[in-house]
Amino acid sequence: MFLIQDTLVSQDLIERYFVCDLKACKGQCCIDGDAGAPISLEEKEMIDRNMDQILPLLTPGGQKAISEDGSAYYDADGDLVTTLVEGSNCAFTTFDSEGICLCALEKGCREGKLPHLKPSSCFLYPVRLSKVGNMTAVNLHRWKICAPAEKNGKKLGVRAYEFLKGPLVRRFGQEWYDELERVAKEWLRHNRE
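Here's a quick rundown of the structure. (Residues numbered from 1 in each chain as written. Predicted model: local features only at pLDDT ≥ 70, side-chain atom pairs only at ≥ 80, totals over all residues. Heavy atoms only, no water.)

A look at the nonpolar core
As a reminder, the rule being used: What is meant by a nonpolar core is a set of buried Ala, Val, Leu, Ile, Met, Phe, Trp, Tyr and Cys residues, joined one to another through side-chain atoms within 4.5 Å. A simple rule labels every residue: compare its accessible area, found with a 1.4 Å probe on the protein chains alone, to the largest value its type can have, and call it buried under 20%, exposed over 50%, or partly exposed in between. Note on conventions: DSSP H or I runs of at least 4 residues are helices, E runs of at least 2 residues are strands, and numbering of each starts at the N terminus.
Val9, Leu13, Val138, Tyr161, Leu168, Trp176 and Leu180 are the most contacted members of the largest nonpolar core, which has 24 residues in total. For this core, the elements supplying multiple residues, two or more each, are strand E1 (2–4), helix H1 (11–15), strand E8 (135–140), helix H9 (160–163), helix H10 (165–172) and helix H11 (174–190). Ranked by the residues each element gives to this core, the list is headed by H11, at five residues. Judged by nonpolar contacts, the second largest core, of 18 residues, contains Val85, Phe92, Ala104 and Leu114.

A word on the sheet that holds strand E2 (residues 7–9)
We count it as follows: Note: two strands are recorded as paired if DSSP finds a minimum of 2 bridges between them. Whenever a helix is involved, its axis is fitted only over the stretch in contact; in every case the axis is a line through C-alpha atoms, and angles between N-to-C directions fall within 0 to 180 degrees.
Pairing is mixed across the open sheet formed by four strands, whose spatial order is E1-E2-E8-E7. Looking at which strands have only one partner, the edges of the open sheet turn out to be E1 and strand E7 (127–132). Recorded for the sheet is a direction-independent mean angle of 30° between the axes of neighbouring strands. Both E2 and E8 contribute to a ladder of three bridges, which runs parallel.

Quick notes on the packing of aromatic side chains
Our working definition: Centres within 6.5 Å make a pair out of two Phe, Tyr or Trp rings, where for Trp the six-membered ring is used; the pair is then stacked when the planes are under 30 degrees apart, edge-to-face when over 60, and tilted otherwise.
Under the defined criterion, the tally for this structure stands at four aromatic pairs. Between Phe18 and Phe163, the aromatic rings sit 5.7 Å apart at their centres with planes inclined by 50°, giving tilted as the arrangement. Taken together, the positions of Phe18 in the loop between H1 and helix H2 (22–25) and Phe163 in helix H9 put the pair 145 residues apart, joining distant regions of the chain. Using a relative accessible area of 2% as the deciding quantity, one classes Phe18 as buried. Ring centres 6.3 Å apart and planes at 35° place the aromatic pair Tyr161 and Tyr177 in the tilted group. Of this pair, Tyr161 sits in helix H9 while Tyr177 sits in helix H11, and the two are 16 residues apart along the sequence. A relative accessible area of 1% places Tyr161 in the buried class. With a relative accessible area of 1%, Tyr177 lands in the buried category.

Structure representation (structure tokens):
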């Protein structure tokens, strides 16, 4: 772990290669899992305020799930998470013509129909944040569906922290990211694979 300001950053974030490969994984991270995406109360409130613009962007299943259960719920661990469609995909998922899962919130933002509403846990993924005392742990979540992203990152020579620069800057700030980048470059220079 590396100490960057008030965070503990996992070595994997610096050492592992990662670039999403949606053609290979089909956006499976929005479908698999045991609960919806972690979401803050503030994010839920922002989504709820924009629900009239969001609903038309969703699948019929997503619309039904949200109309019945709301935009989020508390899971078995007591975390606020996005609503699921029949216990499977996030209610905010859509699919393109090739069957690739896309986030309706992100798609709506890119099309100028919505403000930036994508939950930070999704925007940061595969990074997962957790509390360790008064520090925030910044970990790289690794599972089989992201194997194509690791392979793609290695082929392109892009480390996870580089691929996630935008989301990391948005969450922690440019100064934090600049420090992470300095630490990463120094670490990688001294620890060549």
